[in-house]
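# Structural characterization, general
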Amino acid sequence: MGNSDIAAWIGTTNTTSGKIDLITAELINSTIGKDSDGQLKEHGALPALWHWFAFPSPTHLSQLGEDGHPKHVGYIPPKNLTRRMWASGSLNFHSDLKIGEEIIKETTLVDIKEKKSQSGEMVFITYEHKLKTSNNLAITETQNIVYLEASDSFNPPKKRELPQPDYPKEKISISNPLLFRFSALTYNAHRIHYDLKYAQEVEKYPHLIVHGPLQALFLMQYATSLKNSAPSKFSFRGVHPAFANNSMELVAKENKSGLSLYTASNDHQCMEATALWEEDSE
């Protein structure tokens, strides 16, 4: 892929609209939330990161690839990079989104980077999303997607130790129904999350993969519960795959500007995140 091919994609934009109605909010809560005691209501505040459920892609089954991803999602990677994953993201929260209101998402492809590592070639795609309600900017989000080469074996990144936590850990129950429901709510047909035979035999993982966005949502809920309010800034990055046959814990440590957060499995990091509150980020 040459520089001219990359330049042709950078700057492309797309605008979509979506919403989370009350029924969908209740379905989300029944999957990843805790008992709401009637707190979810029409025109009430949408919990942080729940906008990820508002924009399912209406891709026809005939247009899905073998892995369950849409064959054509705008940018077309080199043919040898067949594995696509959400690598990281960062968000600034400007104002609340509401249950039942229309959300406009303006998406711009802002960068494409080719890299090489011990695992082979990679291409990172960076998107900027601006989420608005009427004329009000609610969220600015950066999303990084990585395209990887297929592998004949599982070559995981080096495990990272967990820091000593400053708060009680929270245990998360990972189950096949949880992964199935989350895939359904996000309209994500990527087979590594629900098709064990495919995950093991084709993508060479030892078990089903826990979604990156699902881990980020759990960390956001954890941070919000520890500080009694949602952060104004949140960033996250996957550092090691998390598998459905392993237990998961949420870990938090104070830093000078907020909280450092981790999903943990077998005493090593899976996802790391940072949460900042307005008084900390100024």
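Residues numbered from 1 in each chain as written. Predicted model: local features only at pLDDT ≥ 70, side-chain atom pairs only at ≥ 80, totals over all residues. Heavy atoms only, no water.

### A word on the pairing of strand β9 (residues 258–265)
Counting buried residues along β9, eight of its eight residues qualify, which places the element largely inside the surrounding structure. Both strand β8 (residues 248–255) and β9 contribute to a ladder of seven bridges, which runs antiparallel. Paired with Ala252 across the two strands is Leu261, which belongs to β9. Of the pairings in the sheet, the one linking β9 to strand β10 (residues 268–276) comprises seven bridges and is antiparallel in character. Looking at the pairing, Leu261 lines up with Ala273 of β10. In this structure, the hairpin formed by β9 and β10 is closed by a connection of two residues, where Asn266 is found at a positive phi of approximately 55°. (Buried < 20%, exposed > 50% of the residue type's maximum accessible area, 1.4 Å probe, protein only. Helix = DSSP H or I, 4+ residues; strand = E, 2+ residues; numbered from the N terminus. Pairing = 2+ DSSP bridges.)

### Notes on the environment of Thr126
Relative to the elements of secondary structure, Thr126 occurs in strand β4 (residues 120–133). In this view, Thr126 contacts Thr108, Leu109, Val110, Asp111, Thr142, Gln143 and Asn144; residues no more than four positions away in its chain are not counted. (Contact = heavy atoms within 4.5 Å.)

### Points about the pattern of salt bridges
For the structure shown, the criterion picks out eight salt bridges. Notably, a salt bridge pairs Asp111 with Lys113, separated by 3.9 Å at the nearest N-O pair. Among the residues examined, Lys113 registers a relative accessible area of 46% and is labelled partly exposed. A salt bridge links Glu254 to Lys227; the nearest nitrogen and oxygen atoms lie 3.1 Å apart. Of this pair, Glu254 sits in strand β8 while Lys227 sits in helix α5 (residues 212–227), placing them 27 residues apart in sequence. With a relative accessible area of 34%, Glu254 lands in the partly exposed category. (Salt bridge = Lys/Arg side-chain N within 4 Å of Asp/Glu carboxyl O.)

### Brief notes about the sheet that holds strand β2 (residues 83–93)
Within a sheet, adjacent strands bond to each other through the backbone by hydrogen bonds, running parallel or antiparallel. Reading across from one edge, β1-β3-β4-β5-β2-β7-β10-β9-β8-β6 is the order of the 10 strands in this open sheet, with antiparallel pairing throughout. The open sheet terminates on both sides in strands that have one partner only, identified here as β1 (13–18) and β6 (170–172). Neighbour-to-neighbour, the strand axes of the sheet open up by a mean angle of 25°, direction not taken into account. Its contacts with the sheet place α5 against β2, β6, β7 (233–238), β8, β9 and β10, and it is angled at close to 135° to β9. (Axes fitted to C-alpha atoms, helices over the stretch in contact; angles between N-to-C directions.)

### Points about unusual backbone geometry
Backbone geometry at Tyr187 places phi at a positive 55°, although glycine is not the residue there. Note that Tyr187 resides in the loop between α3 (176–185) and α4 (196–201). Overall, the relative accessible area of 55% leaves Tyr187 in the exposed class. Positioned with a positive phi, Asn228 is a non-glycine residue whose angle comes to about 65°. Turning to its location among the elements, Asn228 is positioned in the loop between α5 and β7.

### Quick look at the nonpolar core
Of all hydrophobic cores here, the largest spans 52 residues; its most connected members are Ile32, Trp50, Phe53, Phe234 and Leu261. By residue number, the principal contributor to this core is α5, which donates eight residues. (Core = buried A, V, L, I, M, F, W, Y, C linked by side-chain atoms within 4.5 Å.)

### Observations regarding the packing of aromatic side chains
In this structure the tally under the stated criterion is eight aromatic pairs. Among the aromatic residues, those joined into a cluster by ring pairs are Trp52, Trp86, Phe234 and Phe236. Against the face of Phe124 rests Lys115, its NZ or CZ located 5.0 Å from the ring centre. In this structure, Lys227 packs its charged tip against the face of Trp277, placed 6.0 Å from the ring centre. (Phe/Tyr/Trp six-rings, centres within 6.5 Å; stacked < 30°, edge-to-face > 60°. Lys NZ or Arg CZ within 6 Å of the ring centre and 35° of its normal.)

### With respect to the packing of helix α2 (residues 22–32) against α3
Two numbers describe how α2 lies on α3: the axes approach to 10 Å, and their chain directions differ by 155°. One way to sum up the angle between α2 and α3 is to call them roughly antiparallel. Considering only the axes of α2 and α3, their crossing is left-handed. Contact with α2, carried on its side by Leu27, Ile28, Ser30, Thr31 and Ile32, involves Leu178, Arg181, Phe182 and Leu185 of α3 and no other residues of that element. Class assignment for the residues of the contact of α2 with α3 results in six nonpolar, two polar and one charged. (Parallel < 35°, antiparallel > 145°, perpendicular 65-115°, else oblique. Left-handed = near helix turned anticlockwise from the far one by under 90°. Nonpolar A, V, L, I, M, F, W, Y, C, P; charged D, E, K, R; others polar.)

### Regarding α5
With 16 residues, α5 extends 23 Å from end C-alpha to end C-alpha; this agrees with the ideal 22 Å at 1.5 Å per step. Listed as buried for α5 are Gly212, Pro213, Leu214, Gln215, Ala216, Leu217, Phe218, Leu219, Met220, Tyr222 and Ala223. Note on α5: the residue one or two positions beyond its end, Asn228, has a positive phi of about 65°. (Expected span 1.5 Å × (residues − 1).)

### Description of the packing of α3 against α5
It is at 10 Å that the axes of α3 and α5 come closest, and there the two elements cross at 100°. With respect to their mutual orientation, α3 and α5 come out roughly perpendicular. Residues Leu178, Leu179 and Phe182 of α3 touch α5, and the partners they reach there are Pro213, Leu214, Leu217 and Phe218. Of the residues that constitute the contact of α3 with α5, the class distribution is seven nonpolar, no polar and no charged.

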